[in-house]
Amino acid sequence: MTPKSFYRRIEGELADLENSSLLREVPDMDHGAAKEIVFKGRDLLNLASNDYLGLAMDERLIQASAEAVREYGCGAAASRLVTGNFRIYDELERELASFKEQEDSMLFTSGYAANLAIMDSFAGRRTIVFSDKLNHASILDGIRMSGARHVRYRHNDIKHLKKRMESAKDAQSRILITDTIFSMDGDLANLEEIADICDFYDTMLVLDEAHAEGVFGGGKGIAHERGIVDRVDLHMGAFSKGFGSLGGAVSGRKELISYLRNKGRSFIFTTALPPAVIGANLAALRIVADDSSRGAKLLEMSRGLKNYLEFCGFDCGQSESQIIPVILGDNETALAARDRLIEEGIYAAAIRPPTVPEGTARLRLSLRADLTEEDLQKIRNGFAGLKAGQE
Ligand SMILES: Cc1ncc(COP(=O)(O)O)c(C=O)c1O
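Residues numbered from 1 in each chain as written. Predicted model: local features only at pLDDT ≥ 70, side-chain atom pairs only at ≥ 80, totals over all residues. Heavy atoms only, no water.

A. Spatial organisation of the environment of lysine 169. As for its placement among the helices and strands, lysine 169 is situated in the loop between helix 6 (158–166) and strand 7 (173–179). Through-space distance from the C-alpha of lysine 169 to that of tyrosine 201 is 6.9 Å; in sequence the pair is 32 residues apart. In this structure the side chain of lysine 169 is engaged in a polar contact, spanning 2.6 Å, whose partner is the side chain of glutamate 166. (Helix = DSSP H or I, 4+ residues; strand = E, 2+ residues; numbered from the N terminus. Polar contact = N/O pair within 3.5 Å; in protein donor to acceptor, adjacent residues only side chain to side chain.)

B. Up close: the site of the ligand. Taken together, 13 residues lie around the ligand, and Gly111, Asp208, His211, Ser240 and Lys241 are the ones closest in. Taking glycine 111, its main chain carries an N or O atom lying 2.9 Å from an oxygen atom of the ligand. Between an oxygen atom of the ligand and a side-chain N or O atom of histidine 211, the distance comes to 2.5 Å. Relative to its unbound accessible surface of 390 Å², the ligand loses 84% to contact with the protein. Judged by the proximity of its atoms to the pocket grid, the ligand belongs to the largest pocket. A per-element tally of the shell around the ligand places helix 4 (residues 111–122) first, with 3 residues. (Near = heavy atom within 4 Å. Areas by Shrake-Rupley, 256 points an atom, 1.4 Å probe, with all protein chains shown as cover. 1 Å grid on protein atoms, 1.4 Å probe; cavity = no way out; pocket = protein on both sides within 12 Å on 5 of 7 lines; lining within 4 Å. Sits in = over half its atoms within 2 Å of the grid points.)

C. Spotlight on the pairing of strand 9 (residues 234–238). Of all 5 residues in strand 9, 5 are buried; the element is thus mostly enclosed. Residues Leu234, Met236 and Ala238 line one face of strand 9 and the alternating positions His235 and Gly237 line the opposite face, and both faces are buried. With 5 bridges joining them, strand 9 and strand 10 (residues 248–252) adopt antiparallel strand pairing. Bridging across to strand 10, histidine 235 finds its partner in serine 251. (Buried < 20%, exposed > 50% of the residue type's maximum accessible area, 1.4 Å probe, protein only. Pairing = 2+ DSSP bridges.)

D. Just the domain arrangement of the protein, in detail. As far as domains go, the protein holds domain 1 (23–52 + 292–390) and domain 2 (59–290). Placing the centre of domain 1 and that of domain 2 at their C-alpha centroids yields a distance of 27 Å. Listed by partner, the interface residues are 21 residues for domain 1 and 20 residues for domain 2. Interface area, domain 1 with domain 2, both sides summed: about 1600 Å², of which 57% is carbon and sulfur. One can count 1 salt bridge joining domain 1 with domain 2. (Domains from an automatic or database assignment. Contact = heavy atoms within 4.5 Å. Buried area = accessible area lost by both parts, 1.4 Å probe. Salt bridge = Lys/Arg side-chain N within 4 Å of Asp/Glu carboxyl O.)

E. Seen up close, the state of the cysteines. Taken as a whole and assessed by the stated rule, the structure comprises 0 disulfides. Lacking any disulfide linkage, cysteine 312 is separated from the closest cysteine sulfur, that of cysteine 316, by 9.1 Å. Using a relative accessible area of 16% as the deciding quantity, one classes cysteine 312 as buried. (Disulfide = S-S within 2.5 Å.)

This is the structure we're talking about:
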């Protein structure tokens, strides 16, 4: 039987979380991927999902997904290496590799699983992994799992990174991994300088393009936009954000992907994604490959809104993407701002520590390409009202 002290400790910790406005609860929500979500029974403009291109509800994805279910059934029923493979899986991996201009690519059940596999496969006890302080949690978990030495450098601080590299230049192997768009701040990594440092110190370079795919570089990501594709060893991405579906992916040279297939535990020891997801992914990829104008439009819209918010006096950090933080400080202020926007018909997520540093609680706006001028006006009005209420 579980000892009583165990329960007392858990109850105490939950109470502490609640008292500091940090208790996480799954919100009472429906249609979370649609442009209009239902929150506590009310229709609200959705500025909290990562469906940046509005593809999750796109009829072409729904149709492709339904066709895949009809043909292959609901579940993959095994891991890819056993029997969980379908023709459309291979098709998706081939098309993705060609889209990303790489020799090969492979799919994972999530972006999270992809990052675990990358670290678990390529890093070991004798590896030093350099990682930006604001990298996504899946990267940190992968590094932990690998047993590698983890060297964090200050967020986007190239001088600090150089110092850290210099002091580890005798290490047996080095990997640098960075988000290309930081998910809570919407700012971008200094990729050209990072690539220079990796060349100089003979370091494997891995990019997490989860939030950039579909939006930047013709939908291919920021490495493509900046013209550094060939200087990157592994390109990690996700179908769960701009592509409106689910799954992680890694693209790169043949030998690296083959190594990943052989070593990645989160690939080997799990059931493959279901056919419905693969059907949707293929449709999403083809839509973006055929026409990347939605991403470009989204970025233009994001620049306009960020300018407006800063004009109103809000702190939007260094955002240069469709993710715009509105940094408010303490947890209560962020929660109150979220509630006030709900009254205006807008849903924006309140993000608090430990997801973001202490004292930087914020609203995280993630814009979507299908917002109309009317929607944008509603957002501007909502924030103008919020500012007036704070003064
Ligand atoms: C930068 C980054 N990498 C990886 C992931 C994980 O992707 P997924 O949600 O597909 O597991 C996320 C998303 O939460 C992310 O923001």
